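Chain by chain, the residues:
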Amino acid sequence: MKRTLLNSIPYVLSIILRIPSFFEPHWYTDTGIYSAIGKSLNNNGILYKTIIDNKPPLIYYLFALLEKIPISLTFEYQFLSLLSLLGSEYLLYKIVENKFNSKVAFIAIIFLAFFVGSTLFEGNLANVENFYMFFSLLSIYIVFRRNKKDRNLKYLYIAGCILGIGVLFKLPALFDGLFIILYFFYIYKFKDFFMKTIYIESGSLTPIFLFFIYEYFRGVLSNSLYYIFSTNFVYINYYKFNTIFGISHVLFNLIIFIVLFLFFYFLYKRRVIQSSAVFIALWMLTDLFSVFLSGRPYLHYLIQLSVPLSVVLSYLLYKFIKSSIKIKVIIIISPLILIYILQLYFFRSELSYQVKDQFISDATYYPNFISYALGNISQREYFNTFAYNTNVVFEKKPSTANINYVLSNTLTKLHVSNHHMFIMGNFPWVYYMDNAIPASPYVADFMIYPFSLGSDNIIHSLNEHHPYMILYYNDGYTFNRLNVFIRKFYRLLEVENSVYIYIRN
């Protein structure tokens, strides 16, 4: 009984840390984008054609499905995110127990519960990483579980298929597959390595291939390939800080990755390190490369890293307890130095100011919720504690999540429900909140400008739909043809929180 209660601690901790997330307002832009795209899909929108984003499809179809269920959308996606975390903790426990022991495994899932359950890496926001993490871990668990069935290659194919589902949530899941393949390269002879790699790769490609067959018969295959793959390369290289010593940061990261890969391989072949250390090192290395790939310091990218990081920290803590004083000092100092260097690199860009603001906001996240739960502050006061970026780059003044609700109340009175609407601003949640249909392929304005056809697509869609209303936030993103279109066909109805509301003539 005591053992059962002890083992339940990480899961209970995760649930407690996530309770406030079920009471959050509609404020976070990414989930707002998924909700708006889901609204479009439920109104005959065609993903990657009439409604566009640069992630694989499953997160959008998931939100479209959830929106058909007549209960709170926030509850639905936060509940699924919590289930994913709890399942991920169980799988990580089994993986680490297999490779090390139950004590290391227990410590690892406590770290994971804290990293992904709390606000530290924005795990409470139900990002895509929260969903594909489960599929990555399930795949790794099937590959490395300790029983005779591991010798049957069909299990590698199944593991690959599960990983492929994770990839259809977000492409970085591929790096967990890379970790598996690199580990095979270390521990198996070439023939075994080749066969195992073929099976897991073919499994990974199966769900992706089936999806693209589906896209082919829908007539949008080229669009899907372009927006899922090509635009991500544009995104990676979009900002000026994505160069190091005059070369692409991607190339720089790749060189470091190869050097470290060869270094660990040399140590392993010389028997300086064991296969368990290789397991940890390669998992950290591949996920670090994935996290650094975009060159952007977004905290939710660290959710993927939190899994191998939890293993590393739990292993070091376990070794710390059992080691001499000299080793204890090394165990303390070495990770701190490494983390310091990595955070300097990760937060090197001009966007890093957002991280400081986020940490300041997160420091009051749980106290604010407790005050709200106890009735010490009103719902409006509670919603005021959630900072709302009106734009990713050109933020003019601090606003709060209440701006979404003010806009939504205004639009409800104007009967925008079931009508086409276009928002030239960063308010994607408003589409869902007012049951409005996006009239543009882009539901947030910052999605437009990295891509050369962005403004053309908008004007084409507006001419096709002539939306009932246009909301225009003058915060830096604009183009002349849009202004001409608005002046020709619309009149200004009112201004709400610096949002210009235009209605069709």
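Only a predicted model underlies this, so the values are computations on that prediction, with no experimental measurement involved. (Residues numbered from 1 in each chain as written. Predicted model: local features only at pLDDT ≥ 70, side-chain atom pairs only at ≥ 80, totals over all residues. Heavy atoms only, no water.)

## As for the confidence of the model for the protein
Thinking step 1. The predicted model of the protein has a mean per-residue pLDDT of 87, with 90% of residues at 70 or higher.
Thinking step 2. Taken element by element, the predicted model of the protein shows its lowest mean pLDDT in strand β1 (residues 243-244) (67) and its highest in helix α4 (residues 58-66) (97).
Thinking step 3. Predicted confidence for residues 391-396 stays below pLDDT 50, and this span has 20 contacts to residues more than four positions away or in other chains. (pLDDT = per-residue confidence, 0-100. Helix = DSSP H or I, 4+ residues; strand = E, 2+ residues; numbered from the N terminus. Contact = heavy atoms within 4.5 Å.)

## Here we look at unusual backbone geometry
Across residues other than glycine, the phi torsion is negative in most instances, and most of the peptide bonds are trans.
Thinking step 1. The backbone of N44 sits at a positive phi, close to 70°, despite the residue not being glycine.
Thinking step 2. A positive phi angle, close to 40°, is found at H466, a residue other than glycine.
Thinking step 3. By secondary structure assignment, the location of H466 is in the loop between α21 (454-465) and β7 (469-473).

## A word on the environment of D362
Thinking step 1. Secondary-structure assignment places D362 in helix α16 (residues 353-363).
Thinking step 2. Taking relative accessible area as the criterion, D362 reaches 11% and is therefore assigned buried.
Thinking step 3. Sequence-wise, D362 and S118 are 244 residues apart; in three dimensions their C-alpha atoms are separated by 9.3 Å. (Buried < 20%, exposed > 50% of the residue type's maximum accessible area, 1.4 Å probe, protein only.)

## Overview of the packing of α21 against helix α22 (residues 480-489)
In a packed pair of helices, the relevant descriptors are the angle between the two axes and the axis-to-axis distance.
Thinking step 1. One way to put it is that α21 packs onto α22 with a least axis distance of 10 Å and a crossing angle of 15°. Compared by their axis directions, α21 and α22 come out roughly parallel. Between α21 and α22 the crossing geometry is left-handed. Judged by residue contacts, S455, D456, I459, L462 and N463 of α21 engage R481, L482 and F485 from α22.
Thinking step 2. Across the contact of α21 with α22, the residue classes break down as four nonpolar, two polar and two charged. (Axes fitted to C-alpha atoms, helices over the stretch in contact; angles between N-to-C directions. Parallel < 35°, antiparallel > 145°, perpendicular 65-115°, else oblique. Left-handed = near helix turned anticlockwise from the far one by under 90°. Nonpolar A, V, L, I, M, F, W, Y, C, P; charged D, E, K, R; others polar.)

## Observations regarding the pairing of strand β9 (residues 499-504)
Thinking step 1. One ladder, built from five bridges, connects β7 with β9; its direction is antiparallel. By the bridge assignment, I470 is partnered in β9 with Y502.
Thinking step 2. Between strand β8 (residues 490-496) and β9, which pair antiparallel in sequence order, lie two residues; one of them, N497, sits at a positive phi of approximately 50°. (Pairing = 2+ DSSP bridges.)

## Looking at the nonpolar core
Thinking step 1. L92, W283, M421 and M469 are the most contacted members of the largest nonpolar core, which totals 139 residues.
Thinking step 2. Here this core takes eleven residues from helix α13 (residues 275-292), the largest share from any one element.
Thinking step 3. Contacts of M421, omitting those with residues within four sequence positions, involve L411, V416, V430, Y431, A436, I437, P438, A439, P467, M469 and L471.
Thinking step 4. Residues W27, F369, Y382 and F383 belong to the second largest nonpolar core, which totals nine residues. (Core = buried A, V, L, I, M, F, W, Y, C linked by side-chain atoms within 4.5 Å.)

## Considerations on the sheet that holds β7
Paired through backbone hydrogen bonds, the strands of a sheet run either parallel or antiparallel to each other.
Thinking step 1. Strand order in the open sheet formed by five strands is β6-β5-β7-β9-β8, and the pairing between neighbours is mixed. Only two strands of the sheet have a single neighbouring strand rather than two, namely β6 (437-438) and β8.

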